[in-house]
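Architecture at a glance
Spelled out, the chains give:
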Amino acid sequence: MPEKKPTLHCIVAVNIHDKSIGDTCLIDKNRITSFYKKLTDFIQIPYNEIIIDNENFSVDGIRSCIKKLQPGKNDVVVFAYSGHGFRFKNEDAL
């Protein structure tokens, strides 16, 4: 039996509801997903797109998404983030 083709899993976390950066985050999301859709069409492998936004856009939402993902041994996982930086509450401001 032939091996299953690898799948490209594209996880994109975007902060589209922040008024100061939401529009550019949406542009980033569209560019990223468009690129990987075209790439997987070109190399003829399955594409799995996972968008983390809205109420799922949080550290817990990202963790949950990653925990649910079960890539195969030859799959490719791409993670892209567009939003503000992150800092733990106990870190000093620079």
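Residues numbered from 1 in each chain as written. Predicted model: local features only at pLDDT ≥ 70, side-chain atom pairs only at ≥ 80, totals over all residues. Heavy atoms only, no water.

For the rest of this paragraph, the subject is the overall build of the protein. When you go through the protein residue by residue, the secondary structure sums to two helices and three strands. Counted from the first residue to the last, the protein has its helices and strands arranged as β-α-β-α-β. The buried share of the protein, reckoned over its 94 residues, is 31%. Contacts in the protein between residues far apart in sequence, at least 24 positions, make up 71% of those at least 6 positions apart. With the model as given, the accessible surface of the protein reaches about 7200 Å², and the carbon-plus-sulfur share is 54%. (Helix = DSSP H or I, 4+ residues; strand = E, 2+ residues; numbered from the N terminus. Buried < 20%, exposed > 50% of the residue type's maximum accessible area, 1.4 Å probe, protein only. Contact = heavy atoms within 4.5 Å. Areas by Shrake-Rupley, 256 points an atom, 1.4 Å probe, with all protein chains shown as cover.)

A word on the sheet that holds strand 2 (residues 47-52). Pairing within the open sheet is parallel, and its three strands lie in the order 2-1-3. Bordering the open sheet on either side are strand 2 and strand 3 (76-82), each of which pairs with just one other strand. In this sheet, adjacent strand axes meet at a mean angle of 15° when their direction is disregarded. Here six bridges tie strand 1 (residues 8-14) to strand 2, and the two strands are oriented parallel to one another. Considered in strand 2, the bridge of valine 12 is made with isoleucine 51. Packed onto the sheet, helix 1 (residues 22-43) meets strand 1, strand 2 and strand 3 and runs at close to 175° relative to strand 1. (Pairing = 2+ DSSP bridges. Axes fitted to C-alpha atoms, helices over the stretch in contact; angles between N-to-C directions.)

We now examine the packing of aromatic side chains. Applying the stated rule across the entire model yields two aromatic pairs. Judged by centre distance (4.9 Å) and plane angle (85°), the rings of phenylalanine 35 and tyrosine 36 are edge-to-face. Taking relative accessible area as the criterion, phenylalanine 35 reaches 48% and is therefore assigned partly exposed. Ring centres 5.9 Å apart and planes at 20° place the aromatic pair phenylalanine 57 and tyrosine 81 in the stacked group. Here phenylalanine 57, found in the loop between strand 2 and helix 2 (59-68), pairs with tyrosine 81, found in strand 3; they are 24 residues apart in sequence, far enough to count as distant. The partly exposed category is assigned to tyrosine 81, whose relative accessible area is 40%. (Phe/Tyr/Trp six-rings, centres within 6.5 Å; stacked < 30°, edge-to-face > 60°.)

This brings us to the side chain of asparagine 15. By secondary structure assignment, the location of asparagine 15 is in the loop between strand 1 and helix 1. Here asparagine 15 falls in the buried class, since its relative accessible area comes to 15%. The contact partners of asparagine 15, leaving out residues within four places of it in the chain, are Ile21, Gly22, Cys25, Phe57, Ser82, Gly83 and His84.

Bringing the nonpolar core into the picture now. Listed in full, the eleven residues of the largest apolar core are Leu8, Cys10, Val12, Val14, Ile21, Cys25, Ile32, Tyr36, Ile45, Val78 and Ala80. Taken together, the elements giving at least two residues each to this core come down to strand 1, helix 1 and strand 3. Take this core: its biggest share by element is four residues, from strand 1. Beyond its immediate chain neighbours, meaning those up to four positions away, valine 78 contacts Leu8, His9, Cys10, Ile11 and Tyr36. Grouped together as the second largest cluster of nonpolar side chains are seven residues, Ala13, Ile52, Ile62 and Cys65 included. (Core = buried A, V, L, I, M, F, W, Y, C linked by side-chain atoms within 4.5 Å.)

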